[in-house]
Every structure is written in structure tokens, then in C-alpha cells.
Amino acid sequence: MRYVLGRCATMIGTLVVVAALVFVIINLPPGDFLSNQINELRATGQASGVARAEFLMKQYALDRPLAEQFAIWIGVWPGPDGFSGLLQGDFGHSLELDRPVADVVGEGMAFTIGLNLAVVLFIYVTAIPLGAISAVKANTWIDYLAALIGYIGLATPNFLLALLLMYYGNEAVGLPIGGGMAPEYIGAPMSFEKFGSILLHMLAPVVVIGTAGMAAMSRRLRANLLDELGKPYVVTARAKGVSPAGTVIRYPLRMALNPFIADIGNLLPQLVSGSVLISVVMSLPTIGPTLLAALKSQDIFLSGFILLFVSALTLVGMLVSDLLLAVADPRIRLAK
């Protein structure tokens, strides 16, 4: 508990630094959404629109120095509405969509988190058995078949796999094409039928997004496990009469899994950022396309919050991976 609390304190400090970097980098390009809009309105002679845009700049403190804007966004400096920032639960206002950031992000956040967790589960559930069997049955037809599956998964572009699965999956078994749920459940309260529709619509995206990760992980696990199976302690276990399954699972597989447990911290944010193209192709209601649109339009509050959320996801993933490493590997213990 002492270790976890210390890590959480470190994560908070890291998030503050990341928030500052994100805010500065987003503001590096000249202008912002409202400034660009003001210039366009002035060029077309729309005085009323210019007045509204200038009012919004003062309302959201965009006319103040950058350091003061950041302090107001975080919530440690009073803005036009007093202390109202991230610390107070106010995520800001999307200037392009003219809606609170919480409302915009909330629509896709649940689906994004659920989809990413399902992809991670798919990768580990498929890659670990495939890699382990390939190592135990090295240089057999099983190993060659697993290698073929892995190479196809690595070589096939995700967007191409998405198009193929959308077409043939729908033709063969009636898989739904795109979207996060059936149209009749949009806006409806959660029910077993709606939850089942969401799971059905997640099936194709999970396979598309997770195939490359599954292929890469299975090949790496095979190499790591082959190295462990050749070590003296495995030979000794076999000589003492340990069962073949116990010889592989009890120690060598646990040791071979260490790099993959450590990768959890990097895997979660990679899935968020790497699924943008798939979300566009398959019309998925994730926050990836929202982030892309916010960055293109220089919507600083919306893009800043999403990037900060991805950073927080990275830190949480690294903490989880460190704790799981201590559980899986008896050689690893938390320092006092």
C-alpha cells in the first residue's frame, strides 16, 4: 500500500508536467480556433460573428497570457467564472462543437475503454497459447502453421483487414458493419439487448485491431519460451519427473511472460492512438476521430483533455504492469 500511494503521488506530479507540455505544444501553431474564426469573419465582413467570437475569447480566457491560460485550465487560478478547471471537474468547452468537453468525450469514452480492454484480452488470450504451443512444438507443422498466421497478421494492413471482415463477415454470418450498436438502441437506456448489440458490434473491431498485436506477441513469446526451455532448471525439473505441462507452465512460461506484462503500460495508449484509422473506416464511436478533428481545428480544450487522458492511461497501465510483474515473477519484489 505504501508503494502504491508513493507511485500515485509520482503519477500526479507527472500528469502536471504532461499537462503543461500538452498545453504548450497545442498552442505552438499560430492562432487557435477562435482566432482563425475571427480572421475569417473579418474577411467576409460579418461584424456580429466577430463580436461573438471576441466575447468567447474573453469568456474562456484565451486573450490572457499562456501561463495564465494553463493555470485557469488546470483550476489553480481564477478565470472569468472563478476557479473552474480540471481540478474542479470542469474539463472545458469545445470551441468547434460549442459543447462541454465532458459531453463530447463522454459519448465515446465508454466505448473506447470497453473496446481497448476487449482488444487487450483478445491479444493475451490468443497470443499466449499460440506462442506457447509454437515453442513446445518447435519445428513441427503446428509451429509452421502458427508462424504463417503470425506473418499474415503482421503483413496485412489493419484497414484492409477491416474492409475484408466487414464485407465477408456480413455476407457469411451477418456481422454488423460499422457503428457501436444497432440504430434502435442509440440513446436508449442500457439493457441486456443493448449490451448484446454492443458486444456483437465490437467483435469485428476487436479482431481487426488486435490481430497485429496478437501476431507480434505470439512470435516474441515463442522466442522467449524457447530460450527458457533450454535452461538447466527446466532440464532438472524434467529429470525429477515433473509433468510436461508443469515443466512448461509452472516456471518457464511465467518467466517468458515478463516482457509482455511490462508492455501493458504501452499497449493501452497505443490502442487508443493506433485505432484512429480503423475507427474512421468502421465508423466506430471512439474518441480517436474526435481527437484527430480537434487537433486539425486547434480546439485546445478538447484535444488537450483527450491527450491528458491518454497520458493518464499510460501511467495507470505502467503501475498495473509493475504490480503484475511482482505477482508473476518471484524474483521481483517491491523495494522499501
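These numbers come from a predicted model, not from an experiment.

Student: Would you mind going over the packing of aromatic side chains with me for this structure?
Tutor: Between two aromatic rings, the relevant description is the distance of the centres plus the angle of the planes. If you walk through the whole model with that rule in mind, you get four aromatic pairs. Ring geometry for F91 versus F305: centroids 4.4 Å apart, planes at 20 degrees, classification stacked. Of this pair, F91 sits in the loop between helix 4 (66-74) and strand 1 (93-94) while F305 sits in helix 16 (residues 300-328); the two residues are 214 residues apart in sequence, bridging distant segments of the chain. Looking at F91, the relative accessible area reads 26%, which means it is partly exposed. Site record: aromatic cluster; members linked through ring pairs are F23, F70 and W73. Over the face of the ring belonging to Y151 we find R219, whose NZ or CZ atom lies 5.8 Å from the ring centre.

Student: I tried to follow helix 6 (residues 141-155) on my own but got confused; where do I start?
Tutor: For an α-helix, 3.6 residues make a turn, and residues three or four places apart therefore share a direction. The end-to-end C-alpha distance of helix 6 is 21 Å, a good match for the 21 Å that 15 residues give at a rise of 1.5 Å each. Listing the buried residues of helix 6 in full gives D143, A146, A147, G150 and G153. For helix 6, the buried positions fall inside an angular range of 125 degrees around the axis, keeping them on one side. Within helix 6, the exposed residues directed more than 90 degrees away from the buried face are W141, Y144, Y151 and A155.

Student: Would you mind going over the pattern of salt bridges with me for this structure?
Tutor: Oppositely charged side chains can form a pair if their charged atoms are brought close together. Under the counting rule described, the total for this entry stands at four salt bridges. When the shortest N-O distance is used, the salt bridge between R7 and D322 registers 2.6 Å. Note that R7 is positioned in helix 1 (residues 2-26) and D322 in helix 16, a separation of 315 residues in sequence. A relative accessible area of 17% places R7 in the buried class.

Student: Got a minute to help me understand the packing of helix 1 against helix 16 in this structure?
Tutor: Where helix 1 contacts helix 16, the two axes come as close as 9 Å, and the packing angle between them is 150 degrees. Viewed along their axes, helix 1 and helix 16 adopt a mutual orientation that is roughly antiparallel. For the pair helix 1 and helix 16, the sense of crossing is right-handed. For the contact of helix 1 with helix 16, the class distribution of residues is 17 nonpolar, four polar and two charged.

Student: Before we go on, may I ask you to explain the packing of helix 6 against helix 8 (residues 192-229) in this structure?
Tutor: Describing two packed helices takes the angle between their axes plus the distance from one axis to the other. At their nearest, the axes of helix 6 and helix 8 sit 8 Å apart, and the two run at 140 degrees to each other. One element, helix 6, and the other, helix 8, form an angle in the oblique class. Of the two possible hands of crossing, helix 6 and helix 8 adopt the one that is left-handed. Along its contact with helix 6, which presents D143, A146, A147, G150, Y151, G153 and L154, the element helix 8 presents T211, A212, A215, A216, R219 and R222. Residue composition of the contact of helix 6 with helix 8, grouped by class: seven nonpolar, three polar and three charged.

Rules behind the numbers
- Residues numbered from 1 in each chain as written.
- Predicted model: local features only at pLDDT ≥ 70, side-chain atom pairs only at ≥ 80, totals over all residues.
- Heavy atoms only, no water.
- Phe/Tyr/Trp six-rings, centres within 6.5 Å; stacked < 30°, edge-to-face > 60°.
- Helix = DSSP H or I, 4+ residues; strand = E, 2+ residues; numbered from the N terminus.
- Buried < 20%, exposed > 50% of the residue type's maximum accessible area, 1.4 Å probe, protein only.
- Lys NZ or Arg CZ within 6 Å of the ring centre and 35° of its normal.
- Expected span 1.5 Å × (residues − 1).
- Arc of directions from axis to C-beta.
- Salt bridge = Lys/Arg side-chain N within 4 Å of Asp/Glu carboxyl O.
- Axes fitted to C-alpha atoms, helices over the stretch in contact; angles between N-to-C directions.
- Parallel < 35°, antiparallel > 145°, perpendicular 65-115°, else oblique.
- Left-handed = near helix turned anticlockwise from the far one by under 90°.
- Nonpolar A, V, L, I, M, F, W, Y, C, P; charged D, E, K, R; others polar.
- Contact = heavy atoms within 4.5 Å.

Such coordinate-based values are descriptive only and should not be taken to indicate function.
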